[in-house]
Amino acid sequence: AQSVAQPEDQVNVAEGNPLTVKCTYSVSGNPYLFWYVQYPNRGLQFLLKYITGDNLVKGSYGFEAEFNKSQTSFHLKKPSALVSDSALYFCAVRDDYKLSFGAGTTVTVRA
Amino acid sequence: SAVISQKPSRDICQRGTSLTIQCQVDSQVTMMFWYRQQPGQSLTLIATANQGSEATYESGFVIDKFPISRPNLTFSTLTVSNMSPEDSSIYLCSVEDNWAEAFFGQGTRLTVV
């Protein structure tokens, strides 16, 4: 079965600093990888995905992620974090037609 | 993209009763997904609902406890039956577009007392 792991429960950064949220995956075959964000009291929103092609994927709100096959990682990054980026972030992998989500990482950006 | 309307947004229910959650999508979709999410935690897939066939349930979830209806390509319901406090959770409806991007409803926050 395909799975993803998010090793950090929480990430705290100062506004303006780079933000990284880590994700590693375990798949058989080519992975379909995703990042979703959940703001307080709201549903999940799609940020970006990797299916094939360029290893650096750009998404919504200035986020990007780098697919690294040798390290089986798909870390989410933002060069300069905003207070409004504070939210719960989920990495996910698609297995057939189903999504499997990581445990989630709570990001807090302090002013 | 898809817009999903889910209701109720929240409810407080007595143990032993049942609650039906509705999910309406603004476009026709083949599959609809139902998830459960403990507050601040990850999502667990309950079942996948296809129009015209029985829902497919994940390990640990059964039809008697979580019956699902899928009468057409834009609507589905999930019922949480014979509720206990352990069923207190957020329930989410989801669909995918043709590019494998998932869209989610706002969720139903259920508290069982």
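Thresholds, definitions, all that
- Residues numbered from 1 in each chain as written.
- Chains lettered and ligands numbered in written order.
- Predicted model: local features only at pLDDT ≥ 70, side-chain atom pairs only at ≥ 80, totals over all residues.
- Heavy atoms only, no water.
- Disulfide = S-S within 2.5 Å.
- Helix = DSSP H or I, 4+ residues; strand = E, 2+ residues; numbered from the N terminus.
- Buried < 20%, exposed > 50% of the residue type's maximum accessible area, 1.4 Å probe, protein only.
- Pairing = 2+ DSSP bridges.
- Phe/Tyr/Trp six-rings, centres within 6.5 Å; stacked < 30°, edge-to-face > 60°.

What follows concerns the state of the cysteines. Evaluated as defined, the whole model comprises two disulfides over all chains. With its sulfur 2.0 Å from that of its partner, A:Cys23 forms a disulfide with A:Cys91. Here the S-S torsion is close to -65°, and the disulfide linking A:Cys23 with A:Cys91 is therefore left-handed. Here A:Cys23 is found in the loop between strand 3 (19–21) and strand 4 (24–26), whereas its partner A:Cys91 is found in strand 10 (residues 87–95), with 68 residues between them in sequence. Judged by its relative accessible area of 0%, A:Cys91 is buried. Between B:Cys13, a free cysteine, and B:Cys23, which holds the nearest cysteine sulfur, the sulfur-to-sulfur gap is 18 Å.

Residue and element names in this part refer to chain B. Along strand 4 (residues 31–37), five of the seven residues are buried, which leaves the element largely enclosed by surrounding structure. Where strand 4 and strand 5 (residues 43–50) come together, seven bridges link them in antiparallel fashion. Paired with Gln37 across the strands is Leu43, a residue of strand 5. Hairpin connection, strand 4 to strand 5: the antiparallel pair is bridged by five residues, and Gly40 has positive phi, about 75°. In the sheet, strand 4 pairs with strand 9 (residues 89–96) via six bridges, with the strands oriented antiparallel.

Our next topic: the packing of aromatic side chains. One pair of aromatic rings is described through two measures. These are the centre distance and the angle between the planes. Residue and element names in this part refer to chain A. Overall, the coordinates contain 15 aromatic pairs over all chains when judged by the stated rule. Here Tyr50 and Phe74 contribute two aromatic rings whose centre-to-centre distance is 6.5 Å and whose plane-to-plane angle is 55°, an arrangement assigned as tilted. Linking Tyr50 in strand 6 (residues 44–50) with Phe74 in strand 9 (residues 73–78), this pair joins segments that are 24 residues apart in sequence. Its relative accessible area of 0% is what places Phe74 among the buried residues.

Read these as spatial facts, not as claims about activity.
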